[in-house]
Amino acid sequence: MTEQPTPAARFMSFGAGVQSITQALLIQDGVLERPDAAIFSDTGWEPQGVYDMLDRVEREIFQPLGVPLYRVNNGVIQDDVLNPNKMRGIPGFTASKPYEVEVVDRWGICPDETCGWRKLRQVKIDSVDEVEGMSLFTVVTTDLSDMAGLFDSIVMVPKQATLRQLETQGAYWTPDESAADDSDVEVNPALQVAEALRRAGLRRLPDEHMACRSTGVIATASHTEIRRDYGMLNRKCTQTYKLQPILEQVRLLLGGAVGEEKICRYCEGKGERVAPWRAKRGETEIAECSVCEGTGTISRVGQPPSGVWAEQWIGFSTDEIGRVSNRGDTRYSKSRYPLLELDMSRQQCIDYLNARGWGDVVKSACLGCPFKSNAEWRRLRDTDPEGWAATVAFDKAYRNAPGMNHQRFLHASCLPLDEAPIDVKQAREWKPSTVTDQVYAARLKLADEGDPDGCSPYACRSGQAATEAAA
Ligand code: SF4
Ligand SMILES: [Zn+2]
Ligand SMILES: [Zn+2]
């Protein structure tokens, strides 16, 4: 296959946000050449402002220029995410149900006189103190949590015999008096332990002790704390809902043949089935097959003729250089970045839009995208009450997923969206006292700052570049 030297067509990935409208105006102004088509991939969950803007651009820029605008989609993301028969998701935040943990405030030596470990705990190194590399003893006497810990610390010393080896050799049972000899002690920390045990009146490692779990110490004061475990879902929504439908449209426009209708092998042509992930959980509900969407047949758009490829315009500005990647490229679609060629930053795009009377552009991203910053959540709540109410309702419905122990949330605080602290600068006011609080505070900081970029088919909002779709 020889690749043609020039692109067979130029397409523009059109997100209806600041950068892509700037590109459209640059075409209108003759700065950029006229592409053969613009393609908008619709997740079905954009703010109304984005759809309004899309209509306006089509009417005022694309139609007069004769550039067709294709609106493509791969389903409606918010419906799919809540559909147990579909395996679709968004990058939501997760939290376990709150649980209690006992946190120790003070430790004391094991009170049981028969516990050998309490003696070991009390071993103090005196005469061998002058020897360098005493870290081993520090471990043994202050932080010995179990046998494994002890052996681990010995293994950490390279080229030295381990206690277990010494034990098998018998050296451990009858500590050599020469162990106290400086030269020996210095070269073999394992012998130092043997020596310490001898001083403690122990001739071998003590027997396991239940009361202190063989640590030699027990908690003498403690309190309970409420904790939650936090996580984040890693989902490829950008790829599924944006990149895939765009590439399919590109193949179609480049002459890829619409394939023959083939019987869907996932449901054997029935159009319905028990979704395999539900069957795994022992569920038996029959529902529409998510692969063929109930039709019982599948037909895909094939590859374009050999060597034929298109230029795909992606509207990254200079401040988004980190999002550039050719991983969205395929044999028939190669990325080009017109705004980078023109050295335009996002601010320059905004200035240009303002100057041209397009100052009210809304950022393109799903209404309930969990990558929203607090400022974006506030904007949604304060400017689009309907969109906000729908998103709050979605967040509630999104909470529990079958087969998942953790609960899912749209806001980083892992609180219901209408209770989430989107108004206060939480990260700065929060005083983390426990590890859990610190994790929580870090997430709130993220929520405060958020991601300034819109959602691009060619770079997920998480900052990862979208990878090549199943094209
Ligand atoms: S805006 Fe957010 S939820 Fe929507 S496709 Fe992009 S990353 Fe996914
Ligand atoms: Zn004990
Ligand atoms: Zn099917």
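This one's a predicted model, so the numbers in the text were calculated from it and none came from an experiment. (Residues numbered from 1 in each chain as written. Chains lettered and ligands numbered in written order. Predicted model: local features only at pLDDT ≥ 70, side-chain atom pairs only at ≥ 80, totals over all residues. Heavy atoms only, no water.)

Chemist: Account for empty space enclosed by the protein, naming residues and giving values.
Modeler: Counted by the stated rule, this structure contains three cavities of 30 Å³ or more. In this structure, the largest cavity encloses a volume near 260 Å³. Looking at the largest cavity, it is lined by 21 residues, and the ones nearest its centre are Gly15, Gln19, Ser20, Cys455 and Ser456. When residues in the lining of the largest cavity are grouped by element, the largest group, three residues, is from helix α1 (residues 18–28). Residues that form the lining of the largest cavity fall into these classes: eight nonpolar, nine polar and four charged. (1 Å grid on protein atoms, 1.4 Å probe; cavity = no way out; pocket = protein on both sides within 12 Å on 5 of 7 lines; lining within 4 Å. Points joined across faces, edges and corners; volume = space filled by probe spheres on them. Helix = DSSP H or I, 4+ residues; strand = E, 2+ residues; numbered from the N terminus. Nonpolar A, V, L, I, M, F, W, Y, C, P; charged D, E, K, R; others polar.)

Chemist: Tell me about the sheet that holds strand β14 (residues 407–409), and name the residues and values.
Modeler: Ordered in space as β7-β4-β14, the three strands form an open sheet in which the pairing is antiparallel. Every interior strand has two partners, whereas the edge strands, β7 (230–232) and β14, have only one. Across this sheet, the average inter-strand angle for adjacent strands is 30°, counted without regard to direction. In this sheet, β14 lies alongside strand β4 (residues 93–95) in antiparallel orientation, the contact comprising three bridges. If you follow phenylalanine 93 over to β14, its bridge partner there is phenylalanine 409. (Pairing = 2+ DSSP bridges. Axes fitted to C-alpha atoms, helices over the stretch in contact; angles between N-to-C directions.)

Chemist: Account for the coordination of the zinc ion (ligand 2), with residues named and values stated.
Modeler: Each pair of donors in an ideal octahedron of six around a metal sits at 90 or 180 degrees, and each pair in an ideal tetrahedron of four sits at 109.5 degrees. Protein coordination of the zinc ion (ligand 2) is provided by Cys110 (SG), Cys115 (SG), His209 (ND1) and Cys212 (SG), with donor distances spanning 2.1 to 2.3 Å. In this structure, the zinc ion (ligand 2) is surrounded by four donor atoms whose angles at the metal cover 102 to 118°, and the resulting shape is tetrahedral. If you list the donors of the zinc ion (ligand 2) from N- to C-terminus, the spacing comes out as C-x4-C-x93-H-x2-C. Of the two residues, cysteine 115 is situated in the loop between β5 (99–109) and α4 (116–121) and cysteine 212 in the loop between α9 (189–199) and β6 (217–227); the sequence distance between them amounts to 97 residues. Judged on exposure class, the residue cysteine 115 and its partner cysteine 212 are both buried. (Donors = N, O, S within 2.8 Å, 3.2 Å for Na, K, Ca; no water. Tetrahedral: all angles 85-135°; square planar, octahedral: opposite > 155°, others 65-115°. Buried < 20%, exposed > 50% of the residue type's maximum accessible area, 1.4 Å probe, protein only.)

Chemist: I'd like a rundown of the pairing of strand β1 (residues 9–13), residues and numbers included.
Modeler: For β1, the buried fraction is high: four of the five residues fall into the buried class. Of the pairings in the sheet, the one linking β1 to strand β12 (residues 310–313) comprises four bridges and is parallel in character. Paired with alanine 9 across the two strands is alanine 310, which belongs to β12. The sheet contact formed by β1 and strand β2 (residues 37–41) spans three bridges and is parallel. If you follow serine 13 over to β2, its bridge partner there is isoleucine 39. Handedness of the crossover joining β1 and β2 through α1 is recorded here as right-handed. (Right-handed = clockwise from strand over helix to strand, strands pointing away.)

Chemist: Outline the coordination of the zinc ion (ligand 3), supporting the account with residue identities and numerical values.
Modeler: For the zinc ion (ligand 3), the protein coordination sphere consists of Cys264 (SG), Cys267 (SG), Cys289 (SG) and Cys292 (SG), at 2.2 to 2.3 Å. Taken together, the four donor atoms coordinating the zinc ion (ligand 3) and their angles of 103 to 114° define a geometry best described as tetrahedral. Along the chain, the residues donating to the zinc ion (ligand 3) are arranged with the sequence spacing C-x2-C-x21-C-x2-C. Pair noted here: cysteine 264 is in the loop between β8 (262–263) and β9 (272–273) and cysteine 289 is in the loop between β10 (287–288) and β11 (297–298), with a separation of 25 residues, a long-range link.

Honestly, it's all geometry; don't read function into it.
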